[in-house]
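Structural characterization, general
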Amino acid sequence: MKIKKMVFSAFFLALALALPFLTGHIPQIGNMLSPMHIPVLLCGFLCGWPYGLAVGFIAPLLRFMLFGMPPIFPTGVAMAFELAAYGAVSGLIFGRVKHSLPMVYTTLISAMVAGRLVWGTVRFILAKLFGMDFSLSMFLSGAFITAVPGILCQLILIPMIIAAVQRQEVTLMNQPKKEALTE
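Residues numbered from 1 in each chain as written. Predicted model: local features only at pLDDT ≥ 70, side-chain atom pairs only at ≥ 80, totals over all residues. Heavy atoms only, no water.

Digging into the overall build of the protein chain
Note the threshold: Working definition: helices are DSSP H or I runs of at least four residues, strands are E runs of at least two. Numbering for both runs from the N terminus. Buried residues are those whose accessible area, probed at 1.4 Å on protein chains only, stays under 20% of the maximum for their type, while exposed residues exceed 50% and partly exposed ones sit between those limits. Throughout, a contact is declared for two residues whenever any of their heavy atoms are within 4.5 Å. Exposure was quantified through the Shrake-Rupley algorithm and a 1.4 Å probe, taking into account, for residues, occlusion by the shown protein chains and nothing else.
For the protein chain, the helix and strand inventory stands at nine helices and zero strands. Scanning the protein chain from its N terminus toward the C terminus, one meets helices and strands in the order α-α-α-α-α-α-α-α-α. The proportion of buried residues among the 183 residues of the protein chain is 45%. Pairs at least 24 apart in sequence give 70% of the contacts found in the protein chain among residues at least 6 apart. With the model as given, the accessible surface of the protein chain reaches about 9,400 Å², and the carbon-plus-sulfur share is 74%.

Pasting the structure below:
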């Protein structure tokens with residue numbers, strides 16, 4: 001099972017590196033859709049919190065090293081912590097609950113809120129340490145207002161993918177008991 005989780009984690013990391021190329025030609029759309037978030041959240045759901053945390057933290061840093069995007073400071077650093085929180089929270093919660101559709105949404109929303117709060121906290125700390133501006137309105141705009149398309153995309157795609165995985169009778173690696181996803 002550990003090898004299986006590592007292979008799936010590598011797959012999700014590769015997706016996190018590749019998906020931004022689909023929206024990279026138009027940065028405004030890429031920022032709104034947050035393509036790196038989906039594989040990280042899925043990694044947490046399917047592989048568990050340690051793998052989700054690792055993939056989330058590594059993805060933006062590795063993408064910067066390989067492709068120069070996202071800019072490492074402050075964006076990439078804050079994203080590393082944000083995505084690590086997404087992966088960790090989705091894995092922690094989903095690994096301990098009945099795998100029903102309402103719990104998929106509860107887990108997903110919890111992870112999304114936690115990740116955005118972590119992102120805001122890191123951006124605030126970096127702003128204070130390096131004399132930059134980061135206000136409450138900048139946090140709300142970056143974390144929620146401009147991210148609405150990405151939030152909607154995640155709320156639609158991730159539950160569909162989790163349900164499809166279970167419909168194919170593939171055992172979720174982060175599942176405490178064998179249970180089918182029910183509504």
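What follows continues from the structure just given.
Quick notes on helix α5 (residues 49-67)
The test is simple: A helix is expected to span 1.5 Å multiplied by its residue count minus one. We define the bend at any residue as the angle between the axes fitted to the seven residues before and including it, ending there, and the seven starting there.
Across its 19 residues, α5 extends 27 Å between first and last C-alpha, which sits within 8% of the 27 Å expected from 1.5 Å per residue. At Ala59, α5 shows its maximal bend, which comes to roughly 30°, and the proline Pro60 appears one to four places after that position. The set of residues buried in α5 consists of Tyr51, Gly52, Val55, Gly56, Ala59, Pro60 and Arg63. Where α5 ends, the next residue or the one after it, Gly68, has phi of about 80°, a positive value.

Some points on the nonpolar core
Keep this limit in mind: Definition of nonpolar core: a set of buried residues of the types Ala, Val, Leu, Ile, Met, Phe, Trp, Tyr and Cys, connected through side-chain atoms within 4.5 Å.
In this structure, Phe45, Ile158 and Ile162 are the most contacted members of the largest nonpolar core, which totals 30 residues. Breaking this core down by element, the ones donating at least two residues are α1 (2-18), α4 (37-47), α5, α6 (72-94), α7 (101-130) and α9 (148-167). At eight residues, the largest contribution of residues to this core is made by α4. With sequence-adjacent residues up to four places away left out, Ile158 is seen in contact with Ile38, Leu41, Leu42, Phe45 and Leu108. Membership of the second largest hydrophobic core comes to eight residues, among which are Ala78, Leu126, Phe134 and Phe139.

Comments concerning unusual backbone geometry
Most of the time, phi is negative for any residue but glycine, and the peptide bond is trans. Pro70 follows Met69 through a cis peptide bond whose omega is -5°. With an omega of -5°, the peptide bond running from Phe73 to Pro74 counts as cis. By the secondary structure assignment, Pro74 is in helix α6. Not every positive phi belongs to a glycine, and Ser34 is a case in point at roughly 50°.

Here's the deal with a nonpolar patch on the surface
What counts, and what does not: What goes into a patch is any residue over 30% in relative accessible area without a salt bridge, connected to like charges within 9 Å or, for nonpolar side chains (Val, Leu, Ile, Met, Phe, Trp, Tyr), within 5 Å. Salt bridges are defined as contacts in which a side-chain nitrogen from Lys or Arg sits within 4 Å of a carboxyl oxygen from Asp or Glu.
Residues Phe73, Phe124, Ile125, Leu129, Phe130 and Met132 make up a contiguous nonpolar surface patch of about 590 Å² in total accessible area. Along the chain, Leu129 falls in helix α7. In this structure Leu129 comes out as exposed when scored by relative accessible area, which is 62%.

Section: the packing of aromatic side chains
Selection rule: Centres within 6.5 Å are what make two rings of Phe, Tyr or Trp a pair, Trp counting through its six-membered ring; a difference in plane orientation under 30 degrees is then read as stacked, over 60 as edge-to-face, and the rest as tilted. In this scheme, the term charge over a ring applies when either NZ of a lysine or CZ of an arginine sits within 6 Å of the ring centre and within 35 degrees of the ring normal.
Applying the stated criterion across every chain yields a total of eight aromatic pairs. Grouping aromatic residues by their ring pairs yields a cluster made of Phe8, Phe11 and Phe12. The ring of Phe21 has Arg63 lying over it, and the distance from NZ or CZ to the ring centre is 4.6 Å.

Things to note about the packing of α4 against α6
Applicable threshold: Angles run from 0 to 180 degrees between N-to-C directions of axes, and those axes are lines fitted to C-alpha atoms, restricted for helices to the stretch in contact. Should an angle lie under 35 degrees it is considered roughly parallel, over 145 roughly antiparallel, and from 65 to 115 roughly perpendicular; all remaining angles are considered oblique. Definitions for this section: a left-handed crossing has its near helix turned counterclockwise from the far helix by less than a right angle. A right-handed crossing has that turn clockwise. Three residue categories are used. Nonpolar comprises Ala, Val, Leu, Ile, Met, Phe, Trp, Tyr, Cys and Pro, charged comprises Asp, Glu, Lys and Arg, and polar comprises the others, including Gly.
With their axes 7 Å apart at the nearest point, α4 and α6 run at an angle of 30° to one another. On the basis of their axis angle, the class for α4 and α6 is roughly parallel. Handedness of the crossing formed by α4 with α6: right-handed. Seen from α4, the contacting residues are His37, Val40, Leu41, Gly44 and Phe45; seen from α6, they are Glu82, Leu83, Tyr86, Gly87, Ser90, Gly91 and Phe94. Counted by class, the contact of α4 with α6 contains six nonpolar, five polar and one charged residues.

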